[in-house]
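Coordinate analysis (summary)
Each chain, letter by letter, is given below.
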Amino acid sequence: MPGPEVSTPRTLSAPSAARAAGAAWILMGSLVAASVVEAQSSADARAAEQGLFDLVVANGRVIDPETGLDGMRSVGIRDGRIEAISRTPLRGRTVLDASGLVVAPGLIDLHAHGQDLPAARMQALDGVTTALELEAGTLPVAAAYERIAREGRPINYGFSASWLFARIAEKEEMEPTGSVTFFQEAQRRKGWQYTLASPEETARIIARVERGLQEGALGIGVLAGYAPGYGRKEAFAVAQLAARVRVPTFTHVRYNSVIEPQSSFEAIAEIVSLAAATGAHMHINHLNSSSMRDIPRIAELLRGAQGRGLRITTEAYPYGAGSTVVGAELFRGNWRERLGGATAGDIELAGVPFNDSTLAEAQAKTPGAWIIAHYLRPDRSAADQDYLDQSVLFPGGAIASDAMPWTSKGTPITGDVWPLPDDAFAHPRSAGTFTRFLRDYVRERRKVTLREGLRRMTLIPAQILEGSVPPMKRKGRLQVGTDADLIAFDLATVSDRGTYTQPNQTAVGMRYVIVNGTAVIRDGVLARDALPGRAIRRPVATR
Ligand SMILES: [Zn+2]
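Source: prediction; values computed, not measured.

The rules behind these values
Residues numbered from 1 in each chain as written. Predicted model: local features only at pLDDT ≥ 70, side-chain atom pairs only at ≥ 80, totals over all residues. Heavy atoms only, no water. Helix = DSSP H or I, 4+ residues; strand = E, 2+ residues; numbered from the N terminus. Rg over C-alpha atoms; globule rule 2.2 N^0.38 Å. Buried < 20%, exposed > 50% of the residue type's maximum accessible area, 1.4 Å probe, protein only. Lys, Arg positive; Asp, Glu negative; His and termini not counted. Charge placed at Lys NZ, Arg CZ, Asp CG, Glu CD. Salt bridge = Lys/Arg side-chain N within 4 Å of Asp/Glu carboxyl O. Phe/Tyr/Trp six-rings, centres within 6.5 Å; stacked < 30°, edge-to-face > 60°. Lys NZ or Arg CZ within 6 Å of the ring centre and 35° of its normal. Donors = N, O, S within 2.8 Å, 3.2 Å for Na, K, Ca; no water. Tetrahedral: all angles 85-135°; square planar, octahedral: opposite > 155°, others 65-115°. Pairing = 2+ DSSP bridges. Expected span 1.5 Å × (residues − 1). Bend = angle between axes of the 7 residues up to and from the residue. Contact = heavy atoms within 4.5 Å. Core = buried A, V, L, I, M, F, W, Y, C linked by side-chain atoms within 4.5 Å. Axes fitted to C-alpha atoms, helices over the stretch in contact; angles between N-to-C directions. Parallel < 35°, antiparallel > 145°, perpendicular 65-115°, else oblique. Left-handed = near helix turned anticlockwise from the far one by under 90°. Nonpolar A, V, L, I, M, F, W, Y, C, P; charged D, E, K, R; others polar. Polar contact = N/O pair within 3.5 Å; in protein donor to acceptor, adjacent residues only side chain to side chain.

**Some details on the overall build of the protein**
Helix and strand content of the protein: 18 helices and 23 strands. The C-alpha radius of gyration computed for the protein amounts to 23 Å, which stays within 12% of the reference 24 Å derived for 543 residues, consistent with globular compactness. Along the first, second and third principal axes, the C-alpha set of the protein runs to 70 × 55 × 45 Å. Sorting the 543 residues of the protein into buried and exposed places 63% on the buried side. Averaging the coordinates of the 61 positive side-chain charges in the protein and doing the same for the 58 negative ones gives two points 3 Å apart.

Here it is, written out as structure tokens:
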């Protein structure tokens, strides 16, 4: 059903400096509101008058999850913004034919650990135009942004401030490097997972996180499950900071277990209590792997909390296996029982399952090695598929990948490497989360409509952030005035291809992926020299 749409408001040609400063998003709201009343014909006429666009995506089925637009349109792009959405042809310096394709806002991933160039390219082929590291986050925040700006990225990027990095820094006297390898190296130390912080240490941890927020971080990353022995008062202080600065927290919850005590249910109840007591916006990462087979009761808990007005949001990825370091606290003690009857064989290193002795050896010798752990077997069990579906389709939840860095023989693949070497390894979600969701949940099993499916990958993640990061109001939508991050894909063929044993297979079906007005995927092929990605930062008042 066609929704309100408009073309080329003249006043949109705001100076680019003002846009960069983040002022234009304020303008945009009023422009859109003003322009919806215009007649379609006059809007089209003005688009024609406006002359050449930098780029036109022509004749696609344009879907905007916010306004409900779903119709054949051409999209005109200028200066990195969408300036026209028209029923009649638009002229452009470059015209991409989107006939037969769905044209939608670029996908926004709230949970992307792979923040190297190869990982960003794999995600671009999966339709992602903005990949944010919000669960782990990083420190120092400014250094991480600077590193990526120097290298360039095809897609937009951004970070939260890492509570865990701050904790490790205080407990181990290891200075964080702004890279995920810091977290891997910390697995060799044992002073930060089960220790309490003194009031003085807590204050220093909070100060480190707050410094990261002042450097533009998008929220607070809370990898609670990796240091499950940290104090409740420390968790409370982190939530208080989030409430005071008005940013969300992004939490990998404290416990992963279907049995009590120290269950997933208990850990998510802690999130509920922190949201209630502080008013902080608490976001729960990967509801699927945090809930496992306890999702029915956890979903009740969350619906109850949300229904009473608490600011709790969720995300999930459509796989029954997770990925983490083999030294994670999750695999200590009676973990087999806690994960619902798991065995060492449910954990795989580079596609090869462990046994009890090889697992113990890896935990001792290479605790920072990335592994894959199956906690649900949707391929073998209809009940497990149903549990996974309940997490992935939790009302109002985002789809987020938890994409991992790519490695070769245990070494990170970084820099301008493309294509990836044949033995490149990572959880397949790193290449296929979003195309898998479109294939499996939208096209094949029809669990959600296309519009609702797109909403979970575009508008919902934008809305989760936009309260504290106003530039996100220009993302996750395909409207006049929004950022020209968009995708054009073939709904009949779009698909993930990677498997747990052969993850290094790019997604297919994304014909065009456009970031800030530049095509990074063209005719399904990566444009290696296209690096239009920009930093997403929280605007911070300068004194
Ligand atoms: Zn996690």
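This is not the end of the story, as more comes after the structure.
**Quick notes on the pattern of salt bridges**
Charged atoms that come close allow side chains of opposite charge to pair. Tallied over the full model, the rule gives 40 salt bridges. Of the charged contacts in the structure, one is a salt bridge between Arg 78 and Glu 83, with a shortest N-O distance of 2.8 Å. Judged by its relative accessible area of 14%, Arg 78 is buried. Linking Asp 294 and Arg 297 is a salt bridge whose minimum nitrogen-to-oxygen distance equals 2.9 Å. Overall, the relative accessible area of 7% leaves Asp 294 in the buried class. What makes Arg 297 exposed here is its relative accessible area of 52%. When salt bridges with common partners are traced through the structure, they connect Arg 81, Arg 474, Lys 475, Asp 483 and Asp 485 into a single cluster.

**Brief notes about the packing of aromatic side chains**
Under the definition given, this model contains nine aromatic pairs. The rings of Tyr 145, Tyr 157 and Phe 159 are connected pair by pair, giving a single aromatic cluster. Above the face of the Tyr 230 ring, Arg 254 is positioned so that its terminal group lies 4.2 Å from the ring centre. Directly above the ring of Tyr 145 sits Arg 537, whose terminal nitrogen or CZ lies 4.2 Å from the centroid.

**Observations concerning the coordination of the zinc ion**
Around the zinc ion, the protein contributes the donor atoms Glu 135 (OE), Glu 135 (OE), His 252 (ND1) and His 286 (NE2), which lie 1.9 to 2.8 Å from the metal centre. With four donor atoms in place around the zinc ion and angles of 51 to 128° between them, the coordination shape is irregular. In primary sequence terms, the donor set of the zinc ion follows E-x116-H-x33-H. One end of the pair, Glu 135, is in strand β7 (residues 128-138); the other, His 286, is in the loop between β11 (282-284) and α11 (287-291), with 151 residues separating them in the sequence. The burial state of Glu 135 is the same as that of His 286; both residues are buried.

**Details of the sheet that holds strand β16 (residues 370-374)**
Taken in spatial order, the four strands line up as β13-β16-β14-β15 in an open sheet, and their pairing is antiparallel. At either end of the open sheet lies a strand with only one pairing partner, and these are β13 (321-325) and β15 (352-353). Relative to β15, strand β14 (residues 347-349) is paired through two bridges, and the arrangement is antiparallel. By the bridge assignment for β15, Leu 349 is matched with Val 352.

**Overview of helix α16 (residues 429-444)**
Its 16 residues place the ends of α16 only 18 Å apart at the C-alpha level, less than the 22 Å of an ideal helix rising 1.5 Å per residue. The largest bend in α16 amounts to roughly 40° and is located at Thr 435. Buried residues dominate α16, accounting for 14 of its 16 residues. Following α16 by one or two positions, Arg 446 adopts a phi angle in the positive range, close to 50°.

**Looking at the sheet that holds strand β9 (residues 220-222)**
Judged by pairing direction, the sheet is parallel, and its eight strands sit side by side in the order β6-β7-β8-β9-β10-β11-β12-β17 without closing on themselves. The open sheet terminates on both sides in strands that have one partner only, identified here as β6 (107-109) and β17 (398-399). Pairing of β11 with strand β12 (residues 312-316) involves three bridges; the strand directions are parallel. Within the sheet, the bridge partner assigned to Met 282 lies in β12 and is Ile 312.

**Points about the environment of Ile 487**
Checked against the element boundaries, Ile 487 lands in strand β20 (residues 486-489). Accessibility expressed as a relative area gives 1% for Ile 487, which makes it buried. Sequence-distant contacts of Ile 487, defined by excluding residues within four places in its chain, comprise Val 102, Val 103, Ala 104, Pro 105, Gly 106, Leu 107, Gly 127, Thr 129, Met 510, Tyr 512 and Val 513.

**Here's the deal with the side chain of Thr 407**
Mapped onto the fold, Thr 407 is located in strand β18 (residues 407-408). In contact with Thr 407, other than residues within four places in its own chain, are Trp 370, Pro 412, Ile 413, Asp 423, Ala 424 and Phe 425.

**Quick notes on the nonpolar core**
Trp 163, Ile 220 and Phe 489 are the most contacted members of the largest nonpolar core, which totals 139 residues. Discounting chain neighbours no more than four positions away, the residues touching Phe 489 are Leu 101, Val 102, Ala 104, Leu 438, Leu 450, Leu 454, Val 494, Gly 509, Met 510 and Arg 511. In this structure, Val 75, Ile 82, Ile 85 and Ala 519 belong to the second largest nonpolar core, which totals 20 residues.

**Description of helix α4 (residues 117-125)**
Taken across its nine residues, α4 has nine buried, putting it largely inside the fold. Taken as a whole, α4 has its buried residues at Leu 117, Pro 118, Ala 119, Ala 120, Arg 121, Met 122, Gln 123, Ala 124 and Leu 125. Buried-residue contacts for α4 involve β6, β7, α16, β21 (510-515), β22 (518-522) and β23 (525-526). Positive backbone phi, at 95°, marks Gly 127, one or two positions downstream of α4.

**Let's talk about the packing of helix α8 (residues 199-214) against helix α9 (residues 232-245)**
Working note: a packed helix pair is described by the angle between its axes plus the distance between those axes. Here α8 crosses α9 at 30°, and the two axes come no closer than 10 Å. Relative to α9, the element α8 is oriented roughly parallel. α9 is crossed by α8, and the crossing has right-handed handedness. Residue-level contacts link Thr 202, Ile 205, Ile 206, Val 209, Glu 210 and Leu 213 of α8 to Glu 234, Ala 237, Val 238, Leu 241, Arg 244 and Val 245 of α9. Of the residues assigned to the contact of α8 with α9, the class counts are eight nonpolar, one polar and three charged.

**Looking at the side chain of Gln 184**
Mapped onto the secondary structure, Gln 184 falls in helix α7 (residues 180-186). By relative accessible area, Gln 184 is classed as buried at 17%. Of the polar contacts made by the side chain of Gln 184, one reaches the backbone oxygen of Gly 368; its length is 2.9 Å. In this structure, Gln 184 is in contact with Val 325, Gly 368 and Trp 370, ignoring residues within four places of it in sequence.

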